[in-house]
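For reference, the chains in residue letters:
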Amino acid sequence: MSAVFSQADHSYMARALQLANKGLYTTDPNPRVGCVIVKDELVVGEGFHLRAGEPHAEVHALNAAGERAQGATAYVTLEPCSHTGRTGPCAQALVVANVARVVVAMVDPNPQVSGQGLQRLEAAGIDVAVGLLESEARALNPGFIARMTAQRPFVRLKMAMSLDGRTAMGSGESQWITGPEARCQVQRLRARSSAILSGVESMIMDDPRLTLRAEQLQLDNADDVVRRQPLRVILDTRLRLPLAAACLNEPGRTLVITTPEHLAEKRERLTQAGAEVHVLPAGSDGRIDLALMLQWLAENEQINELLVETGATLAGAMLDAELVDELQLFVAPTLLGGEARPLFALPGLSRMADQRRLIILDMRAVGRDWRIIASPQPTSASDDTKVP
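Residues numbered from 1 in each chain as written. Predicted model: local features only at pLDDT ≥ 70, side-chain atom pairs only at ≥ 80, totals over all residues. Heavy atoms only, no water.

With an unreviewed UniProt entry as reference, the protein is termed Riboflavin biosynthesis protein RibD, source organism Halomonas casei. Under the UniProt heading Function (unreviewed entry), the entry covering the protein gives this text: "Converts 2,5-diamino-6-(ribosylamino)-4(3h)-pyrimidinone 5'-phosphate into 5-amino-6-(ribosylamino)-2,4(1h,3h)-pyrimidinedione 5'-phosphate." (UniProt positions renumbered as here; feature names shortened; annotations may be inferred.)

Shown next, in the form of structure tokens:
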């Protein structure tokens, strides 16, 4: 495979990445992919994957190019698929179209198919080049990559806090700390996520709907985006979720994860109220194993990106178990005081040497608030992954 790229190659792949981003909120559980077909220095076809079960990016671009695809170069942000699922193999479609060259940003991370699409193209005599703008392509699909390589979702923890690091008053009152612009950004985080995770304490205290709302997304295709509501996942060890919880009456699915100790009668009542109840094996302390829960969501629900919206206890447990890939912290210019509730409940931090450092990736104003995007710096923290 050749790997020498021209300035024009960079330009066309950048356009393919722009196209892939158009599927940011709709392709789940499939990856976001874009394709540009170029012949004689002219773009003759473009396409992107919009929704699972619908044609892939390459098919849209080939349909737009028609006969002009013969002898052309195709720029694709992810290795063309080689297997037949709900759609046919894109690698074969490129072969049939008789393209001369295929430039791929990144190899498919799925170990069962990785490299097979490239091999099919090369076997047909097509020039294949891989690795152009790979980091940008990977940034488009962190959840798909995590699910394929680590068998768990990409975990994004969202928290809103005051300038003094508080999330709610001592009474639990919390709406609203941040302004409408920050809430719009949170809606977009929900929209790109496969699922939203919360703990039962937050559900009891705030009774959130955990849904997408078109009027807050501020997107041209908002009505189309909200057609797919993220799966709502609630950790509820003792099945305390109220039967009248708002999330049980919203579009989409609500999944309650619990442990085996609870009476079937409780599970049946929640099921009748609209929830799906799944039992995971409990640890010796009877608590939910977070790492096992993430693995189960990836394998059984095809969860790519998981957005955690919860209180201090579960947020702290996720961080303590080193299961958070990214934090999105929305900071409001207000003070709630020392009696208000803290951002994280992190156990075992008694010395400065115990502090948990973060790597700041981005910081910018969002309306009157600030958004900080950070990743936890790996530590030698405890392997305990249990939460109440």
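Secondary structure summary: the protein contains 13 helices and 18 strands in total. Compactness check: the protein gives a C-alpha radius of gyration of 23 Å against a globular reference of 21 Å for 388 residues, within 12% of the reference. A burial count over the protein gives 52% of its 388 residues as buried. Considering only contacts in the protein between residues 6 or more positions apart, those separated by 24 or more positions represent 71%. Element-wise, carbon and sulfur atoms account for 49% of the exposed surface of the protein, whose accessible area totals about 17,600 Å². The average position of the 39 basic charges and that of the 46 acidic charges among the side chains of the protein differ by 3 Å. (Helix = DSSP H or I, 4+ residues; strand = E, 2+ residues; numbered from the N terminus. Rg over C-alpha atoms; globule rule 2.2 N^0.38 Å. Buried < 20%, exposed > 50% of the residue type's maximum accessible area, 1.4 Å probe, protein only. Contact = heavy atoms within 4.5 Å. Areas by Shrake-Rupley, 256 points an atom, 1.4 Å probe, with all protein chains shown as cover. Lys, Arg positive; Asp, Glu negative; His and termini not counted. Charge placed at Lys NZ, Arg CZ, Asp CG, Glu CD.)

Spatial strand order, S2-S1-S3-S4-S5: five strands in an open sheet with mixed pairing. Strands at the two margins of the open sheet, each flanked by one partner only, are strand S2 (42–48) and strand S5 (127–130). Looking at each pair of strands side by side, their axes are set apart by 15° on average, direction ignored. In the sheet, strand S3 (residues 73–76) pairs with strand S4 (residues 101–104) via four bridges, with the strands oriented parallel. Across the sheet, residue Thr73 finds its bridge partner in S4, namely Arg101. Of the strands in this sheet, S4 and S5 touch helix H4 (residues 116–123), which is tilted by about 150° from S5. (Pairing = 2+ DSSP bridges. Axes fitted to C-alpha atoms, helices over the stretch in contact; angles between N-to-C directions.)

This next bit is on the confidence of the model for the protein. A residue-level look at the protein finds 93% of positions with pLDDT of 70 or above and a mean pLDDT of 90. Confidence over residues 381–388 falls short of pLDDT 50; this stretch has 27 contacts with residues more than four positions distant or in other chains. (pLDDT = per-residue confidence, 0-100.)

The subject of this paragraph is the pattern of salt bridges. Applying the stated criterion to the full structure yields 22 salt bridges. Notably, a salt bridge pairs Glu305 with Arg192, separated by 2.8 Å at the nearest N-O pair. Here Glu305, found in strand S13 (residues 305–309), pairs with Arg192, found in helix H7 (residues 180–192); they are 113 residues apart in sequence, far enough to count as distant. There is no split in this pair, since Glu305 and Arg192 are both buried. (Salt bridge = Lys/Arg side-chain N within 4 Å of Asp/Glu carboxyl O.)

Relative to the elements of secondary structure, Ala273 occurs in helix H11 (residues 264–273). Separated by 29 residues in sequence, Ala273 and Ala244 place their C-alpha atoms 7.6 Å apart. Contact partners of Ala273, with chain neighbours within four places excluded, come to Leu243 and Leu248.

Residue position: Glu301 is located in helix H12 (residues 290–301). Along the backbone, Glu301 and Ser194 are 107 residues apart, and their C-alpha atoms lie at a distance of 8.9 Å. Once residues within four sequence positions are removed from consideration, Glu301 is found in contact with Leu231, Arg253 and Trp296. Within polar-contact distance, the side chain of Glu301 engages the side chain of Arg253 at 3.0 Å. (Polar contact = N/O pair within 3.5 Å; in protein donor to acceptor, adjacent residues only side chain to side chain.)

Moving on to unusual backbone geometry. The omega torsion across Asp28 and Pro29 is 5°, close enough to zero to call that bond cis. In this structure, Pro29 sits in the loop between helix H1 (7–21) and strand S1 (34–39). Even without being glycine, Gln151 reaches a positive phi, approximately 55°. Examined against the element boundaries, Gln151 turns out to sit in the loop between helix H6 (142–150) and strand S6 (154–162). For Gln151, a relative accessible area of 38% corresponds to the partly exposed category. With a phi angle near 55°, Gln302 is a residue other than glycine that sits in the positive phi range.

This next bit is on the pairing of S1. Of all six residues in S1, five are buried, a share of seventy percent or more. Direction of pairing for S1 relative to S2: antiparallel, over a ladder of six bridges. Opposite Val38, over in S2, you have Val43 as the bridge partner. Hairpin connection of S1 to S2: two residues between the antiparallel strands, including Asp40 at a positive phi of 50°.

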